[in-house]
Amino acid sequence: MALKTDSNQSKPGGGFSTWARLFGAAEGLGTSLVVLALVAALVYASSRPAFRVRLDLTEGAHYTLTDQTKKILAGLERPVEIITVMRPEAQVIPTGLAAEQAVAFEYVRNLIEEYVVAAGGEITATHYDPFLDPGAVEVLKREEHFTRANVVMFRCGSRRDQVFLEELVTIAPGRIGAGEIEPAELLAYHGEGPLTSALLSVINEEPPTAVFVTGHGEPSLDDFQERGLGRLGESLRGQGFEVSSVDLVGGASLPPNADVVAVVQPTQALGSSAVAALLAYHKAGGALFLALAPWVRDARLDELLEEAGAVRELAILTDDESPYEGAARSIIPLRRFDANHVITGPIHDQGVVALFPSVAGLNRAPSAAAHIQTSFLAKTEDHVFGDLMSSSETVGNFVFDGPPELRNSRFVAMAIEGDGGRVALFGSGAFALNASLSDGGRGNTDLALNTFNWLIDREDAVAARPREVYESRVELYGDEKADIFLYIVVAMPLAGALLGLLSWFMRRR
């Protein structure tokens, strides 16, 4: 019995029928087209800021922006332009500084790219080299008052702000000594804080104002020595504040446009007229930043505190487990911050320490009305005691003498909301001085800046300053970078296309 042969089955000599061959060709070409379409889509998406997502695989997450910065970028309502002018410095001593600066430039450009992507098209970035783009750089020098290279400028409308390379990274320049060369070294990356601060300063047409009271022995904003407030003033300007001072001695009034009035470390009583001006300002909705020394008695100021909802302990807190003697025992390290408050939550999460020299305990006033909200931002360890003063003008002996001195944990920072404007109260004025911002590092600086931003209800700017990331990298030479580019961008897409064609040819045989 003869078998019937279907014209669509394989012929006796092997091979495919016409329909099978066409199907195999279409399958191979279809695979190739799908691969090429995917590659084209990825290339297109990578060129569109609104669609781009970058993965940060660096050790320490150099380019991962904080949630606060992302929130600021997502909420931009006006376009911002970022311009960089960067070129390694010429060197007389061959320490390798130029190579380290080149690595820093790459870090800055990549970090700025994160801002561009997170802003969804509201930020554009342009990078200039003084040698390759001399004409454009000359225009910037003339129109934007550029005085040097290695600078990042933010531009939005009529507002400008500049950030220099040394604010973004820490580089040891290296030196020659004892017959040998000490090479330059890139030590740390800390670019997000200065960049976000510059962004904040240009997107606000009317920057917030912080006015510091003077005339009662307060430290000066122009003083950058240990006992001055110069570093705090510069940090606030970096956050977009306009900072000034006012002398309230003799009945002077507070500026009506002040967003925050700060009283930091007065060494004399403020007097009735100054306290009355502060109280009137507070009742009218003005915000107060109060950082007070515990040994300065001021009955009128204590009345203002009680009316706002707080009282302070007139004793100097001392670390009973400190290995030091004398006044050094009154430098209190703070590690216990409120994890739920907007001011201290980021500080708690980062695990940093703040140093509070000469600090008093704080508490809610027993007479405070029920609607006044008091939040305790930071407290000491349990082994701290309140060293009572020997007299009204003399500090104690910094030794635990037993009752009435008490040993237990104390609250040392408060945030108050209720009647009038917001109030931030600190049991130490010294925590905001230059020496403390330097020795206490990130903890002191973040606590002060977060507080000022909270006082003006600008919570999206709180803790836009991430932890420092220290240098750890693998060097890639030019040919290695080229090999990676060829493999990922060229070889892999072509391999997919060739695989589809190979499938088609195999099916023909």
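Residues numbered from 1 in each chain as written. Predicted model: local features only at pLDDT ≥ 70, side-chain atom pairs only at ≥ 80, totals over all residues. Heavy atoms only, no water.

Structural notes on the overall build of the chain
Here is the rule: Helix numbers and strand numbers start at the N terminus; a helix is a DSSP run of H or I with at least 4 residues, a strand a run of E with at least 2. Burial here depends on accessible area, computed with a 1.4 Å probe over protein chains only, as a share of the maximum for the residue type. Under 20% is buried, over 50% is exposed, and the range in between is partly exposed. Contacts are assigned to residue pairs with any non-hydrogen atoms lying within 4.5 Å of each other. Computed by Shrake-Rupley with a 1.4 Å probe, the accessible areas treat only the displayed protein chains as cover when residues are assessed.
When helices and strands are tallied, the chain shows 13 helices and 23 strands. Looking at the chain as a whole, 43% of its 509 residues qualify as buried. Sequence-distant contacts, at least 24 apart, represent 74% of the contacts inside the chain between residues at least 6 apart. Accessible surface computed for the chain: about 25800 Å², of which carbon and sulfur atoms make up 56%.

Regarding the packing of helix α3 (residues 97-118) against helix α6 (residues 192-203)
Put simply, the rule reads: Helix axes use the C-alpha atoms of the stretch in contact, all axes being lines fitted to C-alpha atoms, and the angles between their N-to-C directions lie in the range 0 to 180 degrees. If an angle is under 35 degrees, it is roughly parallel; if it is over 145, roughly antiparallel; if it lies from 65 to 115, roughly perpendicular; otherwise it is oblique. Less than a right angle of anticlockwise turn of the near helix away from the far helix marks a crossing as left-handed, whereas a clockwise turn marks it as right-handed. Classes in brief: Ala, Val, Leu, Ile, Met, Phe, Trp, Tyr, Cys and Pro nonpolar; Asp, Glu, Lys and Arg charged; the others, Gly included, polar.
At their nearest, the axes of α3 and α6 sit 11 Å apart, and the two run at 50° to each other. Taken together, the axes of α3 and α6 lie oblique to each other. α3 and α6 meet at a crossing whose hand is right-handed. Contacts between α3 and α6 involve Tyr-107, Leu-111, Ile-112 and Tyr-115 from the first element and Glu-192, Leu-195 and Thr-196 from the second. Class assignment for the residues of the contact of α3 with α6 results in five nonpolar, one polar and one charged.

Considering a nonpolar patch on the surface
The line we're drawing: Patch construction takes residues with relative accessible area above 30% that form no salt bridge. Like charges are linked within 9 Å, and nonpolar side chains (Val, Leu, Ile, Met, Phe, Trp, Tyr) are linked within 5 Å. A pairing counts as a salt bridge when a side-chain nitrogen of Lys or Arg comes within 4 Å of a carboxyl oxygen of Asp or Glu.
Taken together, the side chains of Leu-494, Leu-498 and Leu-501 define a hydrophobic patch exposed on the protein surface, amounting to about 270 Å² of accessible area. Structurally, the position occupied by Leu-501 is in helix α13 (residues 478-508).

Comments concerning the sheet that holds strand β4 (residues 159-164)
Heads up, the rule is: Any two strands between which DSSP finds at least two bridges are classified as paired.
What the four strands build is an open sheet, ordered β2-β1-β3-β4; its pairing is mixed. Each having just a single partner strand, β2 (123-128) and β4 make up the two edges of the open sheet. With strand direction ignored, the average angle separating the axes of adjacent strands in the sheet is 15°. Here α3 sits on the sheet and contacts β1 (80-85), β2 and β3 (151-156); the angle it forms with β2, its principal contact strand, is near 160°. Strands in contact with α6 are β1, β3 and β4; relative to β4, the strand with the most contacts, it is inclined by about 170°.

With respect to the side chain of Thr-318
With respect to the secondary-structure elements, Thr-318 resides in strand β14 (residues 315-319). Classification of Thr-318 as buried rests on a relative accessible area of 0%. In contact with Thr-318, not counting residues within four places along its chain, are Arg-329, Ser-330, Ile-332, His-383, Val-384, Phe-385, Asp-387 and Phe-398.

Notes on the pattern of salt bridges
Within this structure, the stated rule accounts for 16 salt bridges. Among the ionic pairs, Asp-129 bridges to Arg-87, the shortest N-O distance being 2.6 Å. With a gap of 42 residues between them, Asp-129 in the loop between β2 and α4 (134-143) and Arg-87 in the loop between β1 and α3 connect regions that are remote in the sequence. The class for Asp-129 is buried, based on a relative accessible area of 15%. Between Glu-381 and Arg-336 there is a salt bridge, with its nearest N and O atoms 3.8 Å apart.

Topic: the packing of aromatic side chains
Rules: Working definition: rings of Phe, Tyr and Trp (its six-membered ring) pair if their centres are within 6.5 Å, and the pair is stacked with planes under 30 degrees apart, edge-to-face with planes over 60 apart, and tilted otherwise. Here, over-ring charges are defined by two tests on the NZ atom of lysine or the CZ atom of arginine: distance to the ring centre within 6 Å, and angle to the ring normal within 35 degrees.
Enumeration over the complete set of coordinates arrives at nine aromatic pairs. For the ring pair Phe-241 and Phe-452, a centre distance of 6.1 Å and an interplane angle of 80° mean the geometry is edge-to-face. Separated by 211 residues along the polypeptide, Phe-241 in the loop between α7 (230-238) and β10 (242-247) and Phe-452 in helix α12 (residues 442-455) bring together distant segments of the chain. Here Phe-241 matches Phe-452 in class, with each residue buried. Taken together, the ring pairs connect Phe-212, Phe-241, Phe-289, Phe-356, Phe-426, Phe-431 and Phe-452 into an aromatic cluster. If you follow Arg-407 out to its NZ or CZ, it ends over the ring of Phe-400, 4.1 Å from the centre.

Thoughts on the nonpolar core
Applied cut-off: Side-chain atoms within 4.5 Å link the members of a nonpolar core, which is a set of buried Ala, Val, Leu, Ile, Met, Phe, Trp, Tyr and Cys residues.
By size, the foremost hydrophobic cluster in this structure holds 43 residues, and its most contacted members are Phe-212, Phe-289, Phe-356, Phe-426, Phe-431 and Phe-452. Here this core takes six residues from α12, the largest share from any one element. If you look at the next biggest cluster of nonpolar residues, it comprises 31 residues, including Met-86, Ile-112, Leu-165 and Leu-186.

So, the environment of Gly-250
Considering the arrangement of structural elements, one finds Gly-250 in the loop between β10 and β11 (260-264). For Gly-250, a relative accessible area of 78% gives the class exposed. Distance from Gly-250 to Gly-271, taken between C-alpha atoms, is 9.7 Å for residues 21 residues apart in sequence.

Examining unusual backbone geometry
The amide bond that connects Pro-403 to the next residue, Pro-404, takes the cis arrangement and shows omega of 10°. A positive phi is found at Asn-150, a non-glycine position, where the angle reads about 60°. In this structure, Asn-150 sits in the loop between α4 and β3. The phi angle at Asp-457 is positive, at roughly 60°, despite the residue not being glycine. Looking at the element boundaries, Asp-457 is found in the loop between α12 and β23 (469-470).

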